[in-house]
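# Understanding the architecture of this molecule
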Amino acid sequence: MQRLLIVLFLFAPFLIIAQNQRNAHLSGKLSKDTNAVKFFDSLSYAYSNINTDTGIVYANRALDLARQLNWAKGIALSHSELGTNYRAKGDYGKALDDYFKALNIYQKLKSDRSVAAMLSNIASIYRLQGNYAKALEYHLKALADMERVGDRKSQAIIMGSIGTLHKDQGDYAHALEYYNAALELNREIGDSAGLAREYGNMGIVYESQGLYDKALTYHSAALQANKRLGNKYGMQINTANLAISYLHLGALEKSPSYHLTALQLSEEIGNKNSMAINLGNAGETYLAIAKKKSDKQALANAVRYLERAVTLCREVGFLAPLTEFIPHLTEAYTLQGNFQAGYR
């Protein structure tokens, strides 16, 4: 069974920098003040969806400068951006560490909205680690804070995140209830990114329910929305999930190209966990083609992509998919007549 990828939203301030400061930075004359910290952090946030290594570099530049200025809010903001980039990179331990550092500073500053944002970000990491009780605890704290300050956009985000927790535990009815509530709120406030996120999440629920045509419709809507936004992180998730929908609908020849496009996008943003999943899913699809059509080239592709997936999972310590990928790789070896490799 191939692994679906889900959209998770992380809170981070999107900072608008005056045009003269953008020009100053480009000419190498950006002054070392709080605006420079904000500028580097805004670049870090932007790169979290494009190239996480570059995003981390900018966040660390912001953090160093904020420390020089002894600016607590800037230090917290920089830790938040580091957490966002590490999360996109798949390094959840580092992401959690930076989010907690940001949370502690925001609590001391009594910045209610920022506290709520960090609570939600921490919840999202706990969810990725499979700690659903902790994730729900932190999401509910965050939702209460956002309701108190009247932040409707953030309320929608958190409702969607709670929907994901229900989805993960197989409670599809409640998952759709929260996703629909988030979708309607995003429509009311005109949040395009929020619409893309919930379209994708609802597609995953319908996929899990076996409603593949409906899933395809929602994944396609999410992909088009993320393309308009230029969100590569979201695009690779939607593309990978479209590949799985086509596979379930019997469109075996169409599915691999979507997996490989998703792989390319995950490579561009540097997310090794997503790279491993896309490699493995591509390998499984080629294996299905090989078995159905006795296609030797498809079988060779299956071995190639599954080997790369298993190797990458081991390299980065992403062990959960191995329980799925290794048996498929063994089966592919066996079909090639490579019995020694198949049972090593």
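Residues numbered from 1 in each chain as written. Predicted model: local features only at pLDDT ≥ 70, side-chain atom pairs only at ≥ 80, totals over all residues. Heavy atoms only, no water.

It is worth spelling out the overall build of the protein at this point. Secondary structure assignment for the protein yields 17 helices and zero strands. Computed over its C-alpha atoms, the radius of gyration of the protein comes to 21 Å, within 12% of the 20 Å expected for a compact globule of 344 residues. Dimensions of the protein, computed from the C-alpha atoms along their principal axes, are close to 65 × 45 × 35 Å. A total of 344 residues make up the protein; the buried ones form 55% of that total. Taking the intrachain contacts of the protein between residues at least 6 apart in sequence as the baseline, contacts between residues at least 24 apart amount to 58%. When the 38 basic and 31 acidic side-chain charges of the protein are each reduced to a single mean position, those positions are 4 Å apart. (Helix = DSSP H or I, 4+ residues; strand = E, 2+ residues; numbered from the N terminus. Rg over C-alpha atoms; globule rule 2.2 N^0.38 Å. Buried < 20%, exposed > 50% of the residue type's maximum accessible area, 1.4 Å probe, protein only. Contact = heavy atoms within 4.5 Å. Lys, Arg positive; Asp, Glu negative; His and termini not counted. Charge placed at Lys NZ, Arg CZ, Asp CG, Glu CD.)

This paragraph deals with unusual backbone geometry. Residues other than glycine seldom take positive phi values, yet N70 does so here, at roughly 55°. Here N70 lies in the loop between α3 (52–69) and α4 (72–89). In this structure, S294 takes a positive phi of about 55° despite not being glycine. Positionally, S294 belongs in the loop between α14 (272–293) and α15 (296–316).

A few words now on α14. Given a rise of 1.5 Å per residue, 22 residues ought to cover 32 Å, and the 31 Å separating the end C-alpha atoms of α14 matches this to within 8%. The backbone nitrogen of N273 lies 3.2 Å from a side-chain oxygen of the residue at the head of α14, namely N271. (Expected span 1.5 Å × (residues − 1). Polar contact = N/O pair within 3.5 Å; in protein donor to acceptor, adjacent residues only side chain to side chain.)

Formed by 43 residues in total, the largest nonpolar core has its most connected members in Y106, M118 and I122. For this core, the secondary-structure elements that each account for two or more residues are α2 (34–47), α3, α4, α5 (92–109), α6 (112–128), α7 (132–149) and α8 (152–168). Counting residues per element, this core draws most heavily on α6, at nine residues. (Core = buried A, V, L, I, M, F, W, Y, C linked by side-chain atoms within 4.5 Å.)

This model, assessed by the stated rule, comprises 15 salt bridges. When salt bridges that share partners are traced, they join R127, K167 and D168 into one network. (Salt bridge = Lys/Arg side-chain N within 4 Å of Asp/Glu carboxyl O.)

This prediction gives the protein a mean pLDDT of 89; 90% of its residues lie at or above 70. Taking the mean pLDDT of every element in the protein, the minimum, 36, falls on helix α1 (residues 19–26) and the maximum, 97, on α5. Taken together, the stretch residues 12–29 has pLDDT below 50 and engages in 25 contacts with residues farther than four places along the chain or on a different chain. (pLDDT = per-residue confidence, 0-100.)

What follows covers the packing of helix α10 (residues 192–208) against helix α11 (residues 212–229). At a minimum axis separation of 8 Å, α10 and α11 run at an interaxial angle of 155°. One way to sum up the angle between α10 and α11 is to call them roughly antiparallel. You can see that α10 and α11 cross each other, and the crossing is left-handed. Along its contact with α10, which presents S192, A193, A196, Y199, G200, M202, G203, I204, Y206 and E207, the element α11 presents Y212, K214, A215, Y218, H219, A221, A222, A225, N226 and L229. Residues of the contact of α10 with α11, tallied by class, amount to 13 nonpolar, five polar and two charged. (Axes fitted to C-alpha atoms, helices over the stretch in contact; angles between N-to-C directions. Parallel < 35°, antiparallel > 145°, perpendicular 65-115°, else oblique. Left-handed = near helix turned anticlockwise from the far one by under 90°. Nonpolar A, V, L, I, M, F, W, Y, C, P; charged D, E, K, R; others polar.)

Inspection of every chain in the model, using the stated rule, returns nine aromatic pairs. Between Y126 and Y138, the ring centres sit 5.6 Å apart and the planes meet at 45°, which makes this aromatic pair tilted. Highlighted residues: Y126 in helix α6 and Y138 in helix α7, separated in sequence by 12 residues. Using a relative accessible area of 12% as the deciding quantity, one classes Y126 as buried. Taken together, the aromatic side chains of F39, F40, Y47 and Y58 make up a single cluster linked through ring pairs. (Phe/Tyr/Trp six-rings, centres within 6.5 Å; stacked < 30°, edge-to-face > 60°.)

For any two helices packed against each other, one specifies the inter-axial angle together with the distance between the axes. With their axes 9 Å apart at the nearest point, α7 and α8 run at an angle of 160° to one another. One finds that α7 runs roughly antiparallel with respect to α8. Seen along the crossing, α7 lies across α8 with a hand that is left-handed. In this structure, α7 contributes Y132, A135, L136, H139, L140, A142, L143, M146 and E147 to the contact, and α8 contributes S154, Q155, I158, S161, I162, L165 and D168. Considering only residue class, the contact of α7 with α8 consists of 10 nonpolar, four polar and two charged.

Relative to the helices and strands, S78 resides in helix α4. Once residues within four sequence positions are removed from consideration, S78 is found in contact with V37, D41, A59, A62 and L63.

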